[in-house]
Amino acid sequence: MAAINREQVAHLAQLAHIEMSDDELDRMANELAVIVDSVKSVSEAAGADVPATSHPIPLTNVMREDVVGHVLTAEEALSGAPDSADGRFKVPAILEES
Amino acid sequence: MSTDTIVSFEEAMEKYDPVLGFEVHVELNTKTKMFSSAPNVFGDQPNSNVNEVCLGLPGVLPVVNRKAVESSILIGLALNCKIAPHCTFARKQYFYPDTPKNFQTSQYEDPICYDGWIDIELADGTVFRVEIERAHMEEDAGKLTHMGGATGRIQGADFSLVDYNRSGVPLVEIVTKPIEGAGSRAPELAKAYVAAIREIVKNLGVSDARMERGNVRCDANVSLRPYGREKFGTRTETKNVNSLRAVENAVRFEIQRHAAVLDSGVAITQETRHWHEDTKSTTSGRPKSDADDYRYFPEPDLVPIVTTAEWVEELRSRLPEPPAERRKRLQADWGYTDLEFRDVVNAGLMDEIEETVAAGATAAAARKWWMGEIARRAKLADVDPAALGVTPAVVVEIERLIASGAINDKLARKVLDGVLDGEGTPAEVVEKRGLAVVSDDGALQAAIDEALAAQPDVAEKIRGGKVQAVGAIVGGVMKVTRGQADAGRVRELILATLGVEG
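As the structure is a computational prediction, the values presented were derived from the model and not from experiment.

### Focus on the overall build of chain A
Then, number 1: Counting secondary structure elements, chain A contains 3 helices and 3 strands.
Then, number 2: When the elements of chain A are put in sequence order from the N terminus, they spell out α-α-β-α-β-β.
Then, number 3: Taking 13 Å as the expected radius of gyration for a compact globule of 98 residues, we find that chain A reaches 21 Å, considerably beyond that expectation.
Then, number 4: Principal-axis analysis of the C-alpha atoms places the extent of chain A at approximately 55 × 45 × 30 Å.
Then, number 5: Expressed as a percentage of the 98 residues in chain A, the buried residues total 19%.
Then, number 6: Long-range pairs, those at least 24 residues apart, make up 30% of the contacts in chain A between residues at least 6 apart in sequence.
Then, number 7: Entry remark: accessible area of chain A is about 7,300 Å², with carbon and sulfur atoms responsible for 56%.
Then, number 8: Between the centroid of the 6 positive side chains of chain A and the centroid of its 18 negative side chains there is a distance of 2 Å.

### What about the sheet that holds strand 6 (residues 103-106) of chain B?
All names here are of chain B.
Then, number 1: Spatially, 3 strands are ordered 6-5-16 in an open sheet, and the strand pairing comes out antiparallel. The open sheet has two free edges, formed respectively by strand 6 and strand 16 (297-298), since each of these has just one partner strand.
Then, number 2: Judged from the 4 bridges that link them, strand 5 (residues 90-93) and strand 6 form a sheet pairing that is antiparallel. Residue Lys92 lies in a different strand from strand 6, and its bridge partner there is Gln104.

### Structural notes on the pairing of strand 8 (residues 127-139) of chain B
Residue and element names in this part refer to chain B.
Then, number 1: Across 8 bridges, strand 7 (residues 113-121) lies against strand 8 in antiparallel orientation. Bridge pairing links Ile120 to Phe128 in strand 8.
Then, number 2: Count of turn residues in the strand 7/strand 8 antiparallel hairpin: 5 residues, of which Gly125 carries a positive phi of about 95°.
Then, number 3: Pairing geometry for strand 8 and strand 11 (residues 170-176), over 7 bridges, is antiparallel. Bridging across to strand 11, Arg134 finds its partner in Val175.

### Points about empty space enclosed by the protein
Residues and elements named next belong to chain B.
Then, number 1: A complete count under the given rule lists 1 cavity of 30 Å³ or more for this structure.
Then, number 2: Size it by volume and the largest cavity reaches roughly 110 Å³.
Then, number 3: Lining the largest cavity are 15 residues; nearest its centre among them are Lys101, Glu139, Asp140, Ser167 and Gly168.
Then, number 4: Its residues assigned to classes, the lining of the largest cavity shows 5 nonpolar, 5 polar and 5 charged.

### Some words on the interface of chain A and chain B
For an interface, size is often stated in terms of accessible area lost upon the parts coming together.
Then, number 1: The partner chain B presents 53 residues to the 37 residues of chain A that form the contact.
Then, number 2: Contact between chain A and chain B buries roughly 3,600 Å² in total, counting both sides, with carbon and sulfur atoms accounting for 63%.
Then, number 3: For the chain A face of the interface with chain B, the top three residues by lost area are A:Met63, A:Arg64 and A:Asp66, together amounting to 20%.
Then, number 4: At the junction of chain A with chain B, the criterion picks out 1 salt bridge.
Then, number 5: In this structure, the connection of chain A to chain B is made through 24 residue pairs in polar contact (both at pLDDT 80 or more).
Then, number 6: Of all the secondary structure elements, the ones that give two or more residues to the side of chain A that touches chain B are helix 1 (6-15), strand 1 (63-64), helix 3 (74-78) and strand 3 (88-92) of chain A.
Then, number 7: The greatest single-element share of the side of chain A that touches chain B, amounting to 5 residues, is contributed by strand 3 of chain A.
Then, number 8: Split by residue class, the side of chain A that touches chain B holds 21 nonpolar, 8 polar and 8 charged.
Then, number 9: As paired elements, strand 3 of chain A and strand 10 (residues 159-163) of chain B share 4 bridges and run antiparallel to each other. Directly across from A:Pro92, in strand 10 of chain B, lies its bridge partner B:Phe159.

### So, the pairing of strand 5 of chain B
Remember that side chains alternate between the two faces of the sheet whenever the strand is regular.
All names here are of chain B.
Then, number 1: Here strand 5 shows no split at all, with Ala90 and Lys92 on one side and Arg91 and Gln93 on the other all buried.
Then, number 2: Note: strand 5 against strand 16, 2 bridges, orientation antiparallel. Within the sheet, the bridge partner assigned to Arg91 lies in strand 16 and is Phe297.

### As for the side chain of B:His258
Then, number 1: Here B:His258 shows up in helix 4 (residues 244-263).
Then, number 2: Take B:His258: its relative accessible area is 0%, and that puts it in the buried class.

### Focus on the environment of A:Ala93
Then, number 1: Here A:Ala93 is to be found in the segment after strand 3.
Then, number 2: If near-sequence neighbours (up to four positions away) are discounted, A:Ala93 is found in contact with B:Ala157, B:Asp158 and B:Phe159.

### Digging into the nonpolar core
Residues and elements named next belong to chain B.
Then, number 1: Core analysis: the biggest nonpolar cluster contains 75 residues, and Phe22, Val69, Ile75, Ile118, Ile174 and Tyr193 have the highest contact counts within it.
Then, number 2: Broken down by element, the residue count for this core peaks at 11 residues, all from helix 3 (residues 186-204).
Then, number 3: When near neighbours in sequence (up to four residues on either side) are disregarded, Tyr193 contacts Phe22, Val24, Ile118, Ile120, Val130, Ile132, Ile174 and Thr176.

### Observations regarding the domain arrangement of chain B
All names here are of chain B.
Then, number 1: The domains assigned to chain B are domain 1 (9-295 + 302-313), domain 2 (323-433) and domain 3 (441-498).
Then, number 2: When the buried area of domain 2 at its contact with domain 3 is split by residue, Asn408, Lys410 and Leu411 rank highest and sum to 75% of it.
Then, number 3: For the pair domain 2 and domain 3, the number of links is 0 salt bridges.
Then, number 4: Remark: the boundary between domain 2 and domain 3 carries 0 residue pairs in polar contact (both at pLDDT 80 or more).
Then, number 5: Among the residues making up the side of domain 2 that touches domain 3, the classes are represented as 1 nonpolar, 1 polar and 2 charged.

### Quick look at the packing of aromatic side chains
A ring pair, where both rings are aromatic, is described by two values, the distance of the centres and the angle of the planes.
All names here are of chain B.
Then, number 1: A complete count under the given rule lists 8 aromatic pairs over all chains for this structure.
Then, number 2: An angle of 45° between the planes, with centres 5.3 Å apart, marks the rings of Trp334 and Tyr336 as tilted.
Then, number 3: Accessibility expressed as a relative area gives 7% for Tyr336, which makes it buried.
Then, number 4: Geometrically, the ring pair formed by Trp334 and Phe341 is tilted, given 6.2 Å between the ring centres and 50° between the ring planes.

### Digging into unusual backbone geometry
Then, number 1: In the Ramachandran plot, A:Asp86 falls in the positive-phi region, its phi being about 55° despite a non-glycine side chain.
Then, number 2: Along the polypeptide, A:Asp86 turns up in the loop between strand 2 (84-85) and strand 3.
Then, number 3: Classification of A:Asp86 as exposed rests on a relative accessible area of 57%.
Then, number 4: In the Ramachandran plot, B:Asp382 falls in the positive-phi region, its phi being about 55° despite a non-glycine side chain.

Here is what the cut-offs are and how they apply
- Residues numbered from 1 in each chain as written.
- Chains lettered and ligands numbered in written order.
- Predicted model: local features only at pLDDT ≥ 70, side-chain atom pairs only at ≥ 80, totals over all residues.
- Heavy atoms only, no water.
- Helix = DSSP H or I, 4+ residues; strand = E, 2+ residues; numbered from the N terminus.
- Rg over C-alpha atoms; globule rule 2.2 N^0.38 Å.
- Buried < 20%, exposed > 50% of the residue type's maximum accessible area, 1.4 Å probe, protein only.
- Contact = heavy atoms within 4.5 Å.
- Areas by Shrake-Rupley, 256 points an atom, 1.4 Å probe, with all protein chains shown as cover.
- Lys, Arg positive; Asp, Glu negative; His and termini not counted.
- Charge placed at Lys NZ, Arg CZ, Asp CG, Glu CD.
- Pairing = 2+ DSSP bridges.
- 1 Å grid on protein atoms, 1.4 Å probe; cavity = no way out; pocket = protein on both sides within 12 Å on 5 of 7 lines; lining within 4 Å.
- Points joined across faces, edges and corners; volume = space filled by probe spheres on them.
- Nonpolar A, V, L, I, M, F, W, Y, C, P; charged D, E, K, R; others polar.
- Buried area = accessible area lost by both parts, 1.4 Å probe.
- Salt bridge = Lys/Arg side-chain N within 4 Å of Asp/Glu carboxyl O.
- Polar contact = N/O pair within 3.5 Å; in protein donor to acceptor, adjacent residues only side chain to side chain.
- Core = buried A, V, L, I, M, F, W, Y, C linked by side-chain atoms within 4.5 Å.
- Domains from an automatic or database assignment.
- Phe/Tyr/Trp six-rings, centres within 6.5 Å; stacked < 30°, edge-to-face > 60°.

What follows is the structure, encoded as C-alpha cells:
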C-alpha cells in the first residue's frame, strides 16, 4: 500500500471543502501515513479467508419502527451552512467552466 | 451541444443485436427515512424534513427503518428473488453536494434480494422473461438546483442550491441481468419492463410509484453487437429517464446512435448519457473511468440484517395478487374483449370497475358508466376519471334506479350532474331535482293527446300502419315531460290511443 502523501491530503481537503494550512497538510499527511501503516499490518495478519469485519460485536437487526421523530426546522438545518439562499444550502459551481 | 449522427432504427436492427440492462430506483413510501426518523414527504418546504442524520453531521448514528427492510423484501419476493438470510450495508464513497456525508449508504456484495425474474408481456401478447440480478437497499440523495447560466443545467451554472428533504429517503435499486434477444422489440420491452416494475411496487403499496415525482427512476444500459457475436459491445448508461415514453425513446435513440458510431468504425465510449426530452436525444455525461472507484467498505455504524424464514414467509403471505394475473382474472370475469379491457386499463379504471361490480353492478353497466359518462366528464374537467368524485356506490345506485324504472338513461345523466354538484346520493338528487320518470298514465295521456293534436299528419300515418312514425310523437311527449317519461311506456300508450297494434 502506497503511503499517503501531502498532495493526496490536499486533494481530499479540496473535495471535502475543508480549508487546511500548509502546516496542517504536513501534519495530516504524516498522521494518515501512520494510520495506513497500521491498517496494513492488520491486512497482513488477516488472510484472504477472513471476511472483512464491520463490527466486533455479533449484533444483528437493530431496527426502529417507522415513526416520525426528531426533525430540525429549515432555519436550524441551515444554521451551520457557510452560505444559503432560498432556504437551501448554497454550494459553489460543481463543474469547472469548460 | 454537439449533435450526434444516428442511423434509422430499421438500419440499426439489420446489422446489430441490442443488449439491454436496467437499474430502476424505487423510492419507498415509508413515513420516515431509511436511516433516520425524519419524515419522508414530497414537496414540503426545502430542508424542513431533515435532521442531523440526513445532513451527515459529524457523530450521528443511523438506525435502519424496519418497514423499509420489509418493503424491500416484499419487492424481492414479487420479483421472484431469493432473500439473503444475512446481509450488510456498505458505504459507497464519492464527493458530491447532494450527499452531505460524502458517501451513500447502500449494499454492495450481499444485496438483500437476488436472482429473480419477471415475465413482461408486450402489447401483442409476447412474453419476455427478464432476469433480476439483485434488488438492494440504499438511500436517496438531496435535490440540486443549478442556478445561473442559461439553461438551468449544471453546465455554466454559477452555483447550486441543495434541498436535503430527499436525502435519506429509502430506495430499492433493482438491477437486471443483461437482457439479450429482444431485437427490434428492445425499446418496447424497455418501456414495458419499467411499467411492470412501477405497477408491481404500486400494487404492493410500498411506493407511490409516481414517475413524475421521481418515485420510480430508470437508468437504461444499451450496447450493440453484430449478430452472431457472443461478446457484448461497449455499453452506455442513460441516466434518470423518468417517464415510460422517455425510456422507450432513450433506448431507441441509443441504439440508433451506437449503430452510427459503430458503422463509422469508431468504438463506443463507455459513459453515462443524459436524456433530453426536448430534443429526444442523449448527450454525453461523464466517461466511466477509475473515477468510478467508490471504495466500498462495510458500514461500521449499521449491524447486519438477518432474515429468518418465518419473517420472509410472513411477508410472502402479505403479497397481493400479481398485477398481470389479476388483469387476466378480471378480464375473464367481466367478459370484456381485449380492446375493451385495454381501454379500461389505459383509463386507469380497473379498480373502480372492480369495486363497482363487487358492489352489485353488472360488468357491462360498470364499464358503460365509467368509460362513458364519467370518463367524458373527467376529460372535460381535465382530471383522471377515478378522481372526478364519482364512487362505485353512486354508479351502483344509479343502475338500480334505472333498473327499477325510477329513472331512464337520460335522467341518469342529470342525476350524475347532481351528485357531482354535491347534492347528495343519486336518490336524493332524484328527489331534490324532481327527476323521477313520469309513470302516471294520466299525466302521460294528457301529454300524448297534446302531441297527437300537434302533429295530426303523423297521427294519421300511424293509424294507416306506419308504426315507425311513432318516434316523432314519442319525441314530442318526451319534450313536454322534459325527458322524464318512460319512452317504452309512452310508445305503448300512443299505439293504444290510436288503436294500432305495436
